[in-house]
Amino acid sequence: MLKKFLLSLSLGGLWLTISSYFAFYWAQELYGIFPDFYIWWVIISIALLPGLLMSTMFFSNLLNWKTKNYPNVKDATTVIMCTHNEEKNIAKAIQAVIDQNYQGCIRLLVIDNCSSDHTKKIIKQKMCQSTPNRQIEYVFCSRAGKHHALNAGLKLVCTPYFITVDGDTCLEKSAVQKIMNHIMSEKCACVAGNIYVANSNHSIITKMQNYDYLLSICAIKRFQGSYHSTLVAQGAFSAYETEAVCRIGGWKDVLGEDIVLTYQLLQQNLLSDYEPQAVAYTVVPESLNTLYQQRKRWAIGMIEGLITVPPWKQGNGFSRYFTTVNLFIIDLDLAFLFGLIPGVIWAFLGFNYFVGCLTLWTILICTLLYFNMYQYQRKLNIPFVNSFIGFVAFLFSFQLIQSTAAIHGYITRLMHKKGEWS
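Figured I'd write up the structure that's included with this text. (Residues numbered from 1 in each chain as written. Predicted model: local features only at pLDDT ≥ 70, side-chain atom pairs only at ≥ 80, totals over all residues. Heavy atoms only, no water.)

**Here's the deal with the overall build of the protein**
Then comes step 1: Broken down by element type, the protein carries 13 helices and 8 strands.
Then comes step 2: The C-alpha atoms of the protein give a radius of gyration of 22 Å, which matches the 22 Å a tight globule of 422 residues would have.
Then comes step 3: Taking all 422 residues of the protein together, 58% fall into the buried category.
Then comes step 4: Across the protein, the fraction of contacts at a sequence separation of at least 24, relative to all contacts at a separation of at least 6, is 85%.
Then comes step 5: A total of about 18,500 Å² of accessible surface is found on the protein, and carbon and sulfur atoms cover 63% of it. (Helix = DSSP H or I, 4+ residues; strand = E, 2+ residues; numbered from the N terminus. Rg over C-alpha atoms; globule rule 2.2 N^0.38 Å. Buried < 20%, exposed > 50% of the residue type's maximum accessible area, 1.4 Å probe, protein only. Contact = heavy atoms within 4.5 Å. Areas by Shrake-Rupley, 256 points an atom, 1.4 Å probe, with all protein chains shown as cover.)

**Concerning the sheet that holds strand β6 (residues 190-197)**
Then comes step 1: Overall, mixed pairing links the 8 strands, which are arranged β3-β2-β1-β4-β7-β6-β8-β5 in an open sheet. Sheet topology places β3 (134-141) and β5 (169-171) at the edges, where each strand pairs with a single neighbour. In this sheet, neighbouring strand axes are inclined to one another by 30° on average, regardless of whether the strands run parallel or antiparallel.
Then comes step 2: Across 3 bridges, β5 lies against strand β8 (residues 272-282) in antiparallel orientation. (Pairing = 2+ DSSP bridges. Axes fitted to C-alpha atoms, helices over the stretch in contact; angles between N-to-C directions.)

**Quick notes on unusual backbone geometry**
Then comes step 1: In this model, N85 sits at a positive phi of 50°, which is unusual for a non-glycine residue.
Then comes step 2: As for its position among the elements, N85 is in the loop between β1 (77-83) and α3 (90-98).
Then comes step 3: The exposure class of N85 is partly exposed, given its relative accessible area of 30%.
Then comes step 4: The backbone phi angle of H228 is positive, close to 55°, even though this residue is not glycine.
Then comes step 5: Note on placement: H228 falls in the loop between α7 (204-225) and β7 (237-241).
Then comes step 6: In this structure H228 comes out as buried when scored by relative accessible area, which is 15%.

Take a look at the structure:
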């Protein structure tokens, strides 16, 4: 594992060395036009650093191309499904758990977190489908907040491992089997599942997100998971060791409760993995505003994680590396808005100050990474929707939305505001 990581980092470093040679001459052409600090900050942050990070991830994912198959287990497990006003989705989410091909017993705890619609009625109706092997229980949590709902469910867990699933998320039929096989075989504290978009055809916004989940998020989780250091075991679909989560006191009162929890588990030098074959389909924001607010919350959650457990307090070298990279993500978002976007505008006006040869090199690495991830997802033989328009919109528009929302989130958190939860 360490050899693959060092080889990937060395190959990424080779890319950086070659790029730096060209960057020196690039910078010389800009001296006198812009301040020296700004020139090197932009070159490093829009070309050299992204190229290093993406090439290292690309080579690592190539070296860890094969998916692992674990022996089938059938131990009893618990699913905590938190829901708030999900009358449109909750029936499908519950049915997906009932329909799992897992041979063991699944106890489904549906935590109703102060719903004001018909969510409770629908859950009660679905309870009639309970069997000894698929037990459905309704739990009302009167304290608003997802962390309260999760902790209410945690108190009722009696199995060594449990799974969290959101009320708008439907599991693929083998999802529980695959994620339970993984967490029990590897003795992990947590394992993140592979998230696909359920409503990918509803709008251009969902079409873009389809490729964010399919390519970007999956690539990052594969990279981190190859070294037992997945930074986010997302609440939408992940498995956990009950004792490990109870030992750190469950979920905290923060916006990024799943991020903070994963950071705390990694701090204990426990394993945090990723299982690409355990797939769930989740409903994503359908409007620009709701997407913006979601990514703003995610950015706040990342800052909360870094504040709770800074990189130097992480449990091992791998988790320290990945959390340090998250610190650089803040710089990359700033450089995208205040370096690359002005560079593109200048390029359209005929001035190739910051959009030139090295930018194309970075785009090449990014393209290879996306192609690799697309082929990897296809070989899983689990269906997902394609959209040419969505892919083009993802390539040319998504990062602008992501970086703008993220910077808003960073500022919100650093000003000690908690942000909004929905």
